[in-house]
Amino acid sequence: MIHFIRGKLIEKQKENIIVETGGIAYEISFLASSFGSLPELESEVTVYTQFLPREDCFYLYGFLSREEKNFFNTLTSVPSIGPKTAFNIMGSVSIEKLIEAILREDEKCLTQISGIGPKTAKRIILELKDKLSKLHAMSKDEKTGTAAFGAASSKAAGSALDEARMALGSLGFSYGEIEKMISNLLKERELTKLTTEDIIKFALKRR
């Protein structure tokens, strides 16, 4: 398993980038929507990768964050959603909006993505809503070692704060990281004015 590749960015193509490290140049499928966040050519870059072997060849998919990689794997766990479709989805709508749409069962948002019809939208929601809610529900608090993520939800079940906690857990954030980021956010914004998307976007920017 290749977790990430750190090296020199030597080429940007339409749907791929090439990163050289240790005398080896890796061609990596890359999200077109993230090209603007790449450094200049010849600069060092760290790309989180997912290696997927196929009968005819091998594919290496790359992302600029662990959260993007985790969400990609979550999408491809849905039957009939392959890597190319997952890339298309992630390149069309932000992760924050996708998660909020899934949690709120917003089929209209998903069907606005090219290639995603009503049946596929329903399947994505059916397969992922529960997973987003439960994945990492037993993440341990880094300081106490206590399985606290699932118990951390506030009394207002289904609120933007609860949905954001569940979504961030599914993206690989630990309980301690989530609570710290939420605490920092609440110092800047009033809870009643925050949406699930607002909270997730804040967390991803502060990672």
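In this text, all values refer to a predicted model and were calculated from it rather than measured experimentally. (Residues numbered from 1 in each chain as written. Predicted model: local features only at pLDDT ≥ 70, side-chain atom pairs only at ≥ 80, totals over all residues. Heavy atoms only, no water.)

**Considering the overall build of the protein chain**
A count of helical and extended segments in the protein chain gives eight helices and five strands. In the protein chain, the succession of helices and strands from N to C terminus is β-β-β-β-β-α-α-α-α-α-α-α-α. Taking all 207 residues of the protein chain together, the buried fraction comes to 43%. Restricting to contacts in the protein chain with at least 6 residues of sequence separation, those with at least 24 account for 52%. Of the roughly 11300 Å² of accessible surface on the protein chain, a fraction of 49% belongs to carbon and sulfur atoms. (Helix = DSSP H or I, 4+ residues; strand = E, 2+ residues; numbered from the N terminus. Buried < 20%, exposed > 50% of the residue type's maximum accessible area, 1.4 Å probe, protein only. Contact = heavy atoms within 4.5 Å. Areas by Shrake-Rupley, 256 points an atom, 1.4 Å probe, with all protein chains shown as cover.)

**Some remarks on the environment of Phe35**
For Phe35, the position within the fold is in the loop between β3 (24-30) and β4 (44-53). Since its relative accessible area comes to 17%, Phe35 is described here as buried. Sequence separation of Phe35 and Asn16 is 19 residues, and the distance between their C-alpha atoms is 9.5 Å. Those residues within four positions of Phe35 in sequence are excluded, and the remaining contacts are Lys12, Gln13, Lys14, Asn16, Ile17 and Phe30.

**Here we look at the sheet that holds strand β1 (residues 4-12)**
Within a beta sheet, neighbouring strands are joined by backbone hydrogen bonds and run either parallel or antiparallel to one another. Taken in spatial order, the five strands line up as β1-β2-β3-β5-β4 and close into a barrel, and their pairing is mixed. Averaged over all neighbouring strand pairs, the angle between strand axes comes to 55°, with direction disregarded. Running over the sheet, helix α1 (residues 66-76) touches β4 and β5 (58-63) and is turned about 15° from β4. (Pairing = 2+ DSSP bridges. Axes fitted to C-alpha atoms, helices over the stretch in contact; angles between N-to-C directions.)

**A look at unusual backbone geometry**
Phi is positive for Glu42, which is not a glycine, with a value near 80°. Along the chain, Glu42 falls in the loop between β3 and β4. A positive phi is found at Glu105, a non-glycine position, where the angle reads about 55°. By the element assignment, Glu105 lies in the loop between α3 (95-103) and α4 (107-111). Relative accessible area serves as the criterion here: at 46%, Glu105 is assigned to the partly exposed category.

**A short note on the nonpolar core**
In this structure, Phe71, Phe72, Leu75, Met90, Ile99, Leu110 and Ile199 are the most contacted members of the largest nonpolar core, which totals 45 residues. The dominant element in this core, judged by the number of residues it contributes, is α3, at six residues. Look past the residues within four positions of Ile99 in its chain and what remains in contact with it is Phe71, Leu132, Ala167, Leu171 and Ile200. Of all hydrophobic cores here, the second largest spans eleven residues; its members include Ile5, Leu9, Val19 and Ile28. (Core = buried A, V, L, I, M, F, W, Y, C linked by side-chain atoms within 4.5 Å.)

**Describing the environment of Thr49**
Locating Thr49 in the fold gives a position in strand β4. Residues Thr49 and Leu64, 15 residues apart in the sequence, show an inter-C-alpha distance of 8.8 Å. Leave out the neighbours within four places in its chain, and Thr49 touches Ile2, His3, Phe4, Ile5, Ile28, Leu60, Tyr61, Gly62 and Lys69.

**Overview of the side chain of Ser34**
With respect to the helices and strands, Ser34 occurs in the loop between β3 and β4. By relative accessible area, Ser34 is classed as buried at 7%.

**Some remarks on the environment of Leu171**
As for its placement among the helices and strands, Leu171 is situated in the loop between α6 (160-170) and α7 (175-188). Judged by its relative accessible area of 1%, Leu171 falls in the buried class. Leave out the neighbours within four places in its chain, and Leu171 touches Glu67, Asn70, Phe71, Ile95, Ile99 and Leu204.

**Brief notes about the pairing of β5**
Every other side chain in a regular strand lies on the same face of the sheet, so the side chains alternate between the two faces. The pairing of β3 with β5 spans two bridges and is parallel. By the bridge assignment, Ser29 is partnered in β5 with Tyr61. Relative to β5, β4 runs antiparallel, the two being bridged by six bridges. Its bridge partner being in β5, Leu52 is matched across the sheet by Tyr59.

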